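# Examination of the molecular architecture
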Amino acid sequence: TSKSQRVVVQPKWTGESSSFVGRISWSSSSRDFVSSFPMSFEGDVMDVEGVFSTKLSTKLTCLIGLNHKQQKAQFKEKVSADLMDYFVNVLYESNGLFESQAGARLSEHSTYGSNWTYHFNPSVYFDFNAVDLRFHSSLSTAFIAPSLYKLFDTYSGNETLEPETNQSLEFGGSLFFPNGGQFQLVYFSRDHQNFVNYDMTTFRYANATRDFGVHGTEFLFSYPLTNRFYVQTNYTYTQHEAGEGLRIPKHKVNASFRQLFNSKTQLLTNIQFVGDRDDKVGQDLVVLPSYWLLDF
């Protein structure tokens, strides 16, 4: 039996060249599992955020904000965690060749202290008569604190968990056609430290014993073959080290087809293929078979 409730208040203000968006939310949830191994969970989250954005010039926009999140839960005893984030983001738009976005965030966690993260996203545009060309890249870092459940759950929690961190790099190119079609090819790479996963020998959450990386490419194609028939497909190839990045398939394909008959009737078909992926049973590495999904 699960019960949850949530209250959200979102004040907004918009001026000539500036705006402010706030959010105050409180949510509470409880779960009771009635079985031979009964369990119950209770928790609530208070979340307060304010974001101020202003246009410094015709080409430069700046955003600053803060977010405070307080989490409480009842396991064997009451536990809590507080996270305070301060962030800034700058967007440069030239309405021409170059565009860039950069930001930084300071996260102050009640258990794990202060941690800096950042992102940088430059793009270059070329406008031709028949097609538009865009080259883009992204460099970012992440800090991921373990949830209260992973830390304090009676059966699977581990209070010695360290927070996850990772660094991501992405770059690629896109072609945009006048009729709305798009072709995109992207390379991505992500390096993980202290990745948190479920240990099938201790039956508790644990940090990975070594760092590992995931990298791959993604291809996207969307195009209106006629003014009534639209196709979109993407293919992702992901490579990771054996025994790491569990349940991530090496090959994944999505495709959708939409046929408009008139303004009130359409036919939509979605196809998904998920390839083989590694998993663990105890210390043994096993392979989960591939599968297809069809929505019509």
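Relevant structure appears above.
Criteria and cut-off values
Residues numbered from 1 in each chain as written. Predicted model: local features only at pLDDT ≥ 70, side-chain atom pairs only at ≥ 80, totals over all residues. Heavy atoms only, no water. Helix = DSSP H or I, 4+ residues; strand = E, 2+ residues; numbered from the N terminus. Buried < 20%, exposed > 50% of the residue type's maximum accessible area, 1.4 Å probe, protein only. Contact = heavy atoms within 4.5 Å. Lys, Arg positive; Asp, Glu negative; His and termini not counted. Charge placed at Lys NZ, Arg CZ, Asp CG, Glu CD. Pairing = 2+ DSSP bridges. Phe/Tyr/Trp six-rings, centres within 6.5 Å; stacked < 30°, edge-to-face > 60°. Patch = residues over 30% accessible without salt bridge, like charges linked within 9 Å, V, L, I, M, F, W, Y side chains within 5 Å. Areas by Shrake-Rupley, 256 points an atom, 1.4 Å probe, with all protein chains shown as cover. Salt bridge = Lys/Arg side-chain N within 4 Å of Asp/Glu carboxyl O.

## Some points on the overall build of the protein
Of regular secondary structure, the protein possesses one helix and 20 strands. Put simply, the protein has 296 residues, and 31% of those count as buried. Intrachain contacts of the protein at a sequence separation of at least 6 include 45% that bridge at least 24 residues. Of the charged side chains in the protein, 25 are positive and 30 negative, and the gap between their average positions amounts to 7 Å.

## Focus: unusual backbone geometry
Both trends apply: most residues other than glycine have a negative phi, and most peptide bonds are in trans. With phi around 55°, asparagine 194 is a residue other than glycine that occupies positive phi space. On the secondary structure map, asparagine 194 appears in the loop between strand S11 (182–193) and strand S12 (196–199). With relative accessibility at 31%, the residue asparagine 194 sits in the partly exposed group. For phenylalanine 203, which is not glycine, the phi torsion reads 60° and is therefore positive. Inspection of the secondary structure assignment puts phenylalanine 203 in the loop between S12 and strand S13 (204–207).

## Structural notes on the pairing of strand S14 (residues 212–224)
Summarising the sheet, S11 and S14 pair through 11 bridges and their orientation is antiparallel. Following the sheet pairing, histidine 192 is matched in S14 by phenylalanine 212. Where S14 lies against strand S15 (residues 229–240), 11 bridges are found, and the strand directions are antiparallel. Pairing of glycine 216 across the sheet is with threonine 238, part of S15. Adjacent in sequence and paired antiparallel, S14 and S15 are bridged by four residues.

## A few points about the pairing of S11
Both strand S10 (residues 164–176) and S11 contribute to a ladder of 12 bridges, which runs antiparallel. Counted as the bridge partner of leucine 175 is phenylalanine 183 from S11. Taking the residues between adjacent antiparallel strands as the criterion, S10 and S11 are bridged by five residues, where glycine 180 takes a positive phi near 100°.

## As for the packing of aromatic side chains
Under the counting rule described, the total for this entry stands at 15 aromatic pairs. For the pair tyrosine 149 and tyrosine 205, a centre-to-centre distance of 6.3 Å together with 75° between the ring planes defines the contact as edge-to-face. Of the two residues, tyrosine 149 sits in helix H1 (residues 148–152) while tyrosine 205 sits in strand S13, which places them 56 residues apart along the sequence. In this structure tyrosine 149 comes out as partly exposed when scored by relative accessible area, which is 34%. The exposure class of tyrosine 205 is buried, given its relative accessible area of 18%. Geometrically, the ring pair formed by phenylalanine 183 and phenylalanine 219 is edge-to-face, given 5.2 Å between the ring centres and 65° between the ring planes. Separated by 36 residues along the polypeptide, phenylalanine 183 in strand S11 and phenylalanine 219 in strand S14 bring together distant segments of the chain. Classification of phenylalanine 219 as partly exposed rests on a relative accessible area of 27%. Ring-pair connections join several aromatic residues into one group, and the members of that group are Phe33, Phe41, Phe75, Tyr149, Tyr198 and Tyr205.

## Description of a nonpolar patch on the surface
A cluster of nonpolar residues, Val7, Val9, Ile24, Trp26, Met46 and Val48, forms a patch on the protein surface that exposes about 470 Å² of accessible area. Every element with two or more residues in the nonpolar patch is listed here: strand S1 (2–9), strand S3 (18–33) and strand S4 (39–55). Here tryptophan 26 shows up in strand S3. Accessibility expressed as a relative area gives 32% for tryptophan 26, which makes it partly exposed.

## Quick word on the environment of valine 51
In this structure, valine 51 sits in strand S4. Of the residues examined, valine 51 reaches a relative accessible area of 17% and is grouped as buried. Considered as a pair, valine 51 and asparagine 197 are 146 residues apart in the sequence and their alpha carbons are 33 Å apart. Excluding its chain neighbours within four sequence positions, the residues that come into contact with valine 51 are Ser19, Phe20, Val21, Leu63, Ile64, Gly65 and Phe87.

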